[in-house]
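Residues per chain are reported as follows:
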Amino acid sequence: MVVLFLLTMGLSGQGAGSAYNARPKLVVVIIIDQFRGDYLERYREQWGDSGFRLLLERGANFPSCYYDYANTRTAPGHATLLTGTYSNGHGIMANEWWDARRVNAEGKAEPGMVTSVWDATRSLLGYAAPKKGGASPHNLQATTLGDELKLATQGKARVFALAMKDRAAILTGGFSADRAYWIDRDSGTWISSDYYGDKLPDWATEFNRGKRAEKYWNLEWKAADGTVLRTTTPKRGKDGSLTGFYDIVGATPLGNDYELEFARELVLQEKLGSGPATDLLIISLSPNDLLGHATGPDSREMREMALSMDRQLSEFFGFLGRQVGLANVWLALSADHGVAPLPAVARQLRIPAATLDGEKMREQLNDRLAARFSPGRKQEFVKAFDYPVAWLDAAAFSASGTKESEAERAVGEAMKELGLRGYYTRAQLAAGEVPNTEEGRRFLHSYAPLTTWYVLGVPAPFAVAGKSGTDHATPFSYDTHVPLAFFGLAFQPGTYRTHCEPVDLAPTLSSLLGINAPSHAVGRVLTEAVPAPRRVEPESHPAASGPVPSPKPAVWKITPAEGTAQ
């Protein structure tokens, strides 16, 4: 495979990029959902030669990359990576939140939880007929790398994003993406929103008609020694309904196979890398997260998932080499968040850890609040509790004459009584009234100006909510530490241990492409990984031999073995 990569890289092009004339031809950003930063080193000796190792040894690797916010969830993480800013810049602070003004798919007012990409005015494509109640990036408050690429090239660049999850695809692609794709949870069919166009492209429709998802059912996922870890045999849930593709196939490496199969078809059918400007493809690999919640980061299943992903990425990089040429491709790799160890595993090492019942905590919060604000009458003041975030019913508090700041403080104090170490209120964050500490800054970065009242709790380390498994959503290192690595002729191979953040990804690529950074970007350009071109000095010419000729133009030396321009 290494020989194949070196052959397919070719010797054309140079390290300096310019999106305006398609250098590079294609940028591919790979986001692995719930892939902790320590995984790359943990399994380093087991990687093959051309998957993760391509980025580790022939790319620029930043092993000290940490999110500088507290709300380490999927939607905020994906938005952060491609906007180059945190929630207080891009406006996405959670996967979903309570909205008293929610409108359902039929256009009727129906207060309730809404997802970060819910858009009642849109319809979903990919079904026999468009399905009401769609999705769009309308909640995003900042441009993405793709948006700036589109603006810079007057729309000539093509931008696509895909994932199993709608939020992962939509929030990375941004406003002007040609298309964002995700799957129907039940069938595995690839779907999209009419925000991007009136119908799916013919090739995507044919992909679905070919029933590509069906071949992933009734298979065994085996470890290297042949042990069967899981199967994709259909099964029924407690209510008797069949469990869908997303939960069965999506929690195995077969889910990554399916995503990358669609990605290859997209590259071929849309002819990415063949246009007059640089194209952008964003792939979010979701299965790691679906499995990780159930088994934790230290399980055999997670190790086998990582090793399978290494082989899958190797094959995909080989495809890009054959289709576009790796000399014409830049790769970037990161993750949206990490994950806590299973509490039981942490406790075995005498680390204090706990499994909490989030719904029970919500009931306890409401009991405490009712005793204060509506004595003798049971009432829901906290509509939802997605540990450690409480979503409040503003109307319930207003009925008792309680203002937002007082209501949120009351909820925060009740949360502390239940064991949380502290809290930050929406009103407090909106005013910027946080202590001048690392923690204060991280929670300030987690703020978003939603109309809903809310309180962000400060949890105890290694405490997760749920009846089983583990979770993420804290400001601690196990949730904030993620990989960040680049590969391509523009990057100097090496390991760079300087501190960096996921917000640095978009500004770095923007600078190297010669375009504006996203509108609210706060990250820095990772200049330590960008080699300065070296100019060949002209030979000396003694005065006696005649006029000194003009200096020779700069000479670029391409070293295929390293993939760098000097």
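Up top is the structure these notes are about.
So, here is what we can say about the structure in this document. Since we're looking at a predicted model, the values are computed, not measured. (Residues numbered from 1 in each chain as written. Predicted model: local features only at pLDDT ≥ 70, side-chain atom pairs only at ≥ 80, totals over all residues. Heavy atoms only, no water.)

**Some remarks on the sheet that holds strand E21 (residues 494-495)**
Read from one edge of the open sheet, 11 strands run E6-E5-E9-E8-E7-E12-E1-E13-E20-E2-E21, paired in mixed fashion. The open sheet terminates on both sides in strands that have one partner only, identified here as strand E6 (131-135) and E21. By the bridge criterion, four bridges tie strand E13 (residues 329-335) to strand E20 (residues 484-487) in an arrangement that is antiparallel. Counted as the bridge partner of Ser334 is Leu484 from E20. Contacts between helix H7 (residues 166-173) and the sheet are confined to strand E1 (26-32), E6, strand E7 (159-162), strand E8 (179-183) and strand E12 (279-285), with E8 contributing the most and set at about 170° to the helix. Contacting E1, E13 and E20, helix H20 (residues 505-513) crosses the sheet at an angle of about 170° to E13. (Pairing = 2+ DSSP bridges. Helix = DSSP H or I, 4+ residues; strand = E, 2+ residues; numbered from the N terminus. Contact = heavy atoms within 4.5 Å. Axes fitted to C-alpha atoms, helices over the stretch in contact; angles between N-to-C directions.)

**Quick notes on the side chain of His337**
Relative to the helices and strands, His337 is located in the loop between E13 and helix H13 (343-348). Residue classification places His337 among the buried residues on the basis of a relative accessible area of 0%. Reaching out from His337, the side chain makes a polar contact with the side chain of Thr74 at a distance of 3.4 Å. A polar atom in the side chain of His337 sits 3.4 Å from the side chain of His472. Residues contacting His337, with those up to four places away along its chain left out, are Asp33, Gln34, Phe35, Tyr67, Thr72, Arg73, Thr74, Asp289, His472, Asp479 and Val482. (Buried < 20%, exposed > 50% of the residue type's maximum accessible area, 1.4 Å probe, protein only. Polar contact = N/O pair within 3.5 Å; in protein donor to acceptor, adjacent residues only side chain to side chain.)

**Examining the layout of surface pockets**
In this structure, the largest pocket spans a volume of roughly 1,100 Å³. Along its surface, the largest pocket is lined by 42 residues, and Lys165, Arg167, Arg185, Tyr246 and Asp247 are the ones closest to its centre. Elements that contribute at least two residues to the lining of the largest pocket include exactly strand E4 (112-115), strand E5 (118-125), E6, H7, E8, strand E11 (228-231), helix H9 (245-248) and helix H11 (287-295). Taken together, the residues that form the lining of the largest pocket break down as 15 nonpolar, 11 polar and 16 charged. (1 Å grid on protein atoms, 1.4 Å probe; cavity = no way out; pocket = protein on both sides within 12 Å on 5 of 7 lines; lining within 4 Å. Points joined across faces, edges and corners; volume = space filled by probe spheres on them. Nonpolar A, V, L, I, M, F, W, Y, C, P; charged D, E, K, R; others polar.)

**Focus: the pattern of salt bridges**
Tallied over the full model, the rule gives 34 salt bridges. The residue Arg212 makes a salt bridge to Glu261 at a minimum N-O spacing of 2.8 Å. Residue Arg212 is located in the loop between helix H8 (202-209) and strand E10 (220-222), and its partner Glu261 is located in helix H10 (residues 253-269); the two are separated by 49 residues in the primary sequence. Across the pair Glu438 and Arg442 runs a salt bridge, and its minimum N-O distance is 4.0 Å. (Salt bridge = Lys/Arg side-chain N within 4 Å of Asp/Glu carboxyl O.)

**Comments concerning H8**
Because the α-helix completes a turn every 3.6 residues, residues three or four places apart line up on one side. Buried within H8 are the following residues: Trp203, Ala204, Phe207 and Asn208. With its buried residues spanning 140° around the axis, H8 presents them on a single face. Across H8 from its buried face, at more than 90 degrees, point the exposed residues Asp202 and Arg209. Of the surrounding elements, those touching the buried residues of H8 are E8, strand E9 (190-193) and H10. Once H8 ends, the next one or two residues include Lys211, with phi positive near 55°. (Arc of directions from axis to C-beta.)

**Overview of unusual backbone geometry**
Pro24 follows Arg23 through a cis peptide bond whose omega is 0°. Within the element layout of this structure, Pro24 appears in the loop between helix H1 (2-9) and E1. Across the junction of Tyr387 and Pro388, the peptide omega takes the value 5°, indicating a cis bond. Examined against the element boundaries, Pro388 turns out to sit in the loop between strand E15 (382-386) and strand E16 (389-392). Positive phi, close to 60°, is recorded for Asn218, a residue that is not glycine. Relative to the elements of secondary structure, Asn218 occurs in the loop between H8 and E10. The exposed category is assigned to Asn218, whose relative accessible area is 53%.

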